[in-house]
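One-letter residues, chain by chain:
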Amino acid sequence: MSGPTTAIFTTSDPFTVLLSAAILRAAISVAGARAAAAELAGEHQRQRDAQTLLMDQAVTASQNAVQQQLNEAEQLFNHLLALADKIGLATQISASKPQRPQQEDEQTLAAYAFQLQMLNLELQPLIEAEALRRERSLEAQADVDFEHATAAAVPQSLAARLLRRVAHLPQIQANISDLAARLAQALPGAQADLLATELRLQVQAALEADLQRQLQEANALIIGQTLQDLGYQVEDIAETLFVDGGTVHFRQSSWGNYMVRMRIDPKTSSANFNVIRAVSEADNERSVLDHLAEDRWCSEFPALLKALEARGLHLQVTRRLEAGELPVQLVAAHKLPVFTDASPVLHHRQLKTRQLP
């Protein structure tokens, strides 16, 4: 049995989290395209019926185009796989590839080609960034040995080299650009050494901050999609949830007035889960179903932990109260998200036990 629960997010392998998020984004793109295609299916069918005489020629051209798209998608994936193999990530990338369908009809192959294209779009920047990150790590280790010598000899070359490490970032911080400019203009000597050391530290900090930003966005996506995959209705989750903090509510459609509130604390990288019940403004009565709602969530919580762990996101429980140890929080219904197929609100009145002071 479990009441409010607190857990700390831990990430042993950042690439696994980023890869999981990339796969999810690709799947979301495919699902969106399928939904749009379904809406247009009727119109397309009418158009095809009106063009019966041209179908044979069009089908041949379409089949050739699909095969070309499929070949290009598979070639790009193999290229990315080869790049991943160079940095020891071939197994993870290979496992992300969707299985080629056994059917060879045009529609099925076109759907598979599109699925692979969307995955490639997500994987390419991820793999290239990871390769650069590892290359920069090796360079940073080498810099410990010869950076001072380089700064003393050619400050301009070192400034350019350090700037290349952050060239891929959406925006280069002003302090980095300023330090690089000052280093490029410096004469060899102690001043150049100091500027080079400071620039290297600022570059490393910028790279770490960008990695954390990517992980935070990935965490938000993984949590939201994992909850949906487990059958929960989830309110919209902002990409900045793990930066700004905040609450997210989710529920099963059969839970009636109950839902789980997840509160993220970015300062401690922790999440607190507790069952809440939607009530009217004047209602502060307890229900005998509160205890059952906590027990139900307790039985489902391990499945969420396991599903998140499979995607590289680990939750270490640090605090767990017994069901009933604290009363279920009552929250005014108008302050909570409204789910589309929510059950009628404020039932179970006959099961209420007592009025709280």
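Residues numbered from 1 in each chain as written. Predicted model: local features only at pLDDT ≥ 70, side-chain atom pairs only at ≥ 80, totals over all residues. Heavy atoms only, no water.

Here we take up the overall build of the protein. What the protein contains, in helices and strands, is nine helices and nine strands. Buried positions account for 38% of the 357 residues belonging to the protein. Excluding contacts between residues fewer than 6 apart, the proportion of contacts in the protein whose partners are at least 24 apart in sequence is 69%. Total accessible area on the protein stands at roughly 19400 Å², and carbon and sulfur atoms take up 54% of it. (Helix = DSSP H or I, 4+ residues; strand = E, 2+ residues; numbered from the N terminus. Buried < 20%, exposed > 50% of the residue type's maximum accessible area, 1.4 Å probe, protein only. Contact = heavy atoms within 4.5 Å. Areas by Shrake-Rupley, 256 points an atom, 1.4 Å probe, with all protein chains shown as cover.)

This part covers the side chain of Thr-226. Following the sequence through the fold, Thr-226 ends up in helix α7 (residues 190-229). Within polar-contact distance, the side chain of Thr-226 engages the backbone oxygen of Ile-222 at 2.6 Å. Leave out the neighbours within four places in its chain, and Thr-226 touches Leu-304, Ala-307, Leu-308 and Arg-311. (Polar contact = N/O pair within 3.5 Å; in protein donor to acceptor, adjacent residues only side chain to side chain.)

On to the packing of helix α6 (residues 174-185) against α7. For the pair α6 and α7, interaxial distance at closest approach is 9 Å and the crossing angle is 155°. The angle between α6 and α7 falls in the class roughly antiparallel. Handedness of the α6/α7 crossing: left-handed. Contact with α6, carried on its side by Asn-175, Ile-176, Leu-179, Ala-180, Arg-182 and Leu-183, involves Gln-191, Ala-192, Leu-195, Ala-196, Glu-198, Leu-199, Gln-202, Val-203 and Ala-206 of α7 and no other residues of that element. (Axes fitted to C-alpha atoms, helices over the stretch in contact; angles between N-to-C directions. Parallel < 35°, antiparallel > 145°, perpendicular 65-115°, else oblique. Left-handed = near helix turned anticlockwise from the far one by under 90°.)

Once that is clear, we can look at the packing of helix α5 (residues 155-164) against α6. Where α5 contacts α6, the axes come no closer than 7 Å and their chain directions differ by 160°. With respect to each other, α5 and α6 are oriented roughly antiparallel. Residues Pro-155, Gln-156, Leu-158, Ala-159 and Leu-163 of α5 form the contact with α6, whose participating residues are Ile-176, Ala-180, Leu-183 and Ala-184. When grouped by side-chain class, the residues that make up the contact of α5 with α6 number eight nonpolar, one polar and no charged. (Nonpolar A, V, L, I, M, F, W, Y, C, P; charged D, E, K, R; others polar.)

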